[in-house]
Amino acid sequence: MSRHVIRPFEEADLPAAGRLLADRHKEHRKRHPLLPAEYEDDLLAVVEVTALWESESASGAVLLEGSELTGYVLGAPKPSPVWGPNVWVESAGHAVREPEHIRDLYAAAAAKWVDDGRTAQYVVVPDDVDLIDAWFRLGFGAQHAHAVRPAPTTRLQVPADVKVRRATRDDIAVLAELDLVLPQHQGRSPVFSAGELPTLEEALADWEESIDDQDYATFVAEYDGRVIGMSVGCSVEKSSAHSGLARPDNAGFLGYAAVLPDARGHGAGRALGEAVVQWSADIGYTAVVTDWRVTNLLSSRTWPRLGFQQTFHRLHRTIGY
């Protein structure tokens, strides 16, 4: 590393960082052409990096080879307590010419983060094998998947014994019950999520207010005359988790799906996912996006079988243990 210089990220580095990000995104879109093309433009990529740089308490590092900037890492905390004493390197927060250099950049940037007490660390990485390997060798592990698939061009078929229909006000009680199923499931092994669990009363009040919201398509699955599951679709623009480089143009979003534990095994989960995928196609979306915890054994198997291909990996490291 004697011919390389690593120093703190500065505002003057934004144009060069944007060019690196645009180059990375061009390569990424060769594997996933549904991702937004506009960030192949240096100027628009700079806008994404600038937004991160202007986040509160943002900091990072750059790597120089001679006078040329050939790598950067940029992170900032999120205010939500659910993420712990955190720092996030978002999808636009890192790009390198050589994947191995991400380890040197992280080493420089993370010293300040840990000194500041930010020991819960997250990074969103494109599905580049060498880049993921470099982050893994920094102690990060897979936590969450972001994925996309094209909207179908032919109608999907559901299991004959599962009926899927749009939800109505008569379903509010079971919808509220199903609102608790996914966070309860993710609080158990092997996910162990620390996410907040709403109360049934809160879920009921929310559905009373939102059931008629036309921006969301809510489906229920019936088996043997009983509602056993639900799914929710909307525009991907409603999702804060899918933004910038990770947000395809003209896409629907499979935002939620859950099946009652005692009713699993009938194909309702897949049918509910297919309902949102088909709704997206009927609306005129050309792509559908979703995400899942990779430690959720159910969703991490169901959604890839439905044609979703992982585009970004959210990795996580906790310092000090």
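These figures come from a predicted structure and were not determined experimentally.

Undergrad: Please provide a residue-by-residue account of the sheet that holds strand 9 (residues 216-223), values included.
TA: Neighbouring strands of a sheet are bound in pairs by backbone hydrogen bonds; such pairs are parallel or else antiparallel. The sheet built from nine strands is open, its strands ordered 4-6-13-7-12-11-10-9-8 with mixed pairing. The open sheet terminates on both sides in strands that have one partner only, identified here as strand 4 (86-89) and strand 8 (162-166). Pairwise comparison of adjacent strand axes, ignoring direction, gives a mean angle of 20° for this sheet. Pairing analysis gives eight bridges linking strand 9 to strand 10 (residues 226-235), with the strands arranged antiparallel. Pairing of Ala-217 across the sheet is with Gly-233, part of strand 10. In the packing of helix 3 (residues 101-115) onto the sheet, contacts are made with strand 4, strand 6 (120-126) and strand 13 (309-318), and the angle to strand 6 comes to roughly 150°. In the packing of helix 5 (residues 172-186) onto the sheet, the strands contacted are strand 9, strand 10, strand 11 (251-259) and strand 12 (287-293), and the crossing angle to strand 11 comes to about 90°.

Undergrad: Any chance you could break down unusual backbone geometry for me, citing the residues and the numbers?
TA: The omega torsion across Ser-189 and Pro-190 is 5°, close enough to zero to call that bond cis. When you line up the elements, Pro-190 lands in the loop between helix 5 and helix 6 (200-210). Here the phi dihedral of Ser-57 falls at roughly 65°; this positive angle occurs in a residue that is not glycine. The residue Ser-57 is located in the loop between helix 2 (42-53) and strand 2 (59-65) in this model. Despite not being glycine, Asn-250 shows a phi value in the positive range, around 50°. Within the fold, Asn-250 resides in the loop between strand 10 and strand 11. A residue is classified by how much of its surface remains accessible, and Asn-250, at 40% relative accessible area, is partly exposed.

Undergrad: An account of the sheet that holds strand 3 (residues 68-75) is requested, with residue identities and associated values reported.
TA: Ordered in space as 1-2-3-5, the four strands form an open sheet in which the pairing is antiparallel. Looking at strand neighbours, the two that pair on one side only are strand 1 (4-8) and strand 5 (94-96), the edges of this open sheet. The average undirected angle you get between the axes of adjacent strands in this sheet is 20°. Across five bridges, strand 1 lies against strand 2 in antiparallel orientation. Residue Ile-6 lies in a different strand from strand 2, and its bridge partner there is Leu-63.

What counts, and where the lines are drawn
- Residues numbered from 1 in each chain as written.
- Predicted model: local features only at pLDDT ≥ 70, side-chain atom pairs only at ≥ 80, totals over all residues.
- Heavy atoms only, no water.
- Pairing = 2+ DSSP bridges.
- Helix = DSSP H or I, 4+ residues; strand = E, 2+ residues; numbered from the N terminus.
- Axes fitted to C-alpha atoms, helices over the stretch in contact; angles between N-to-C directions.
- Contact = heavy atoms within 4.5 Å.
- Buried < 20%, exposed > 50% of the residue type's maximum accessible area, 1.4 Å probe, protein only.

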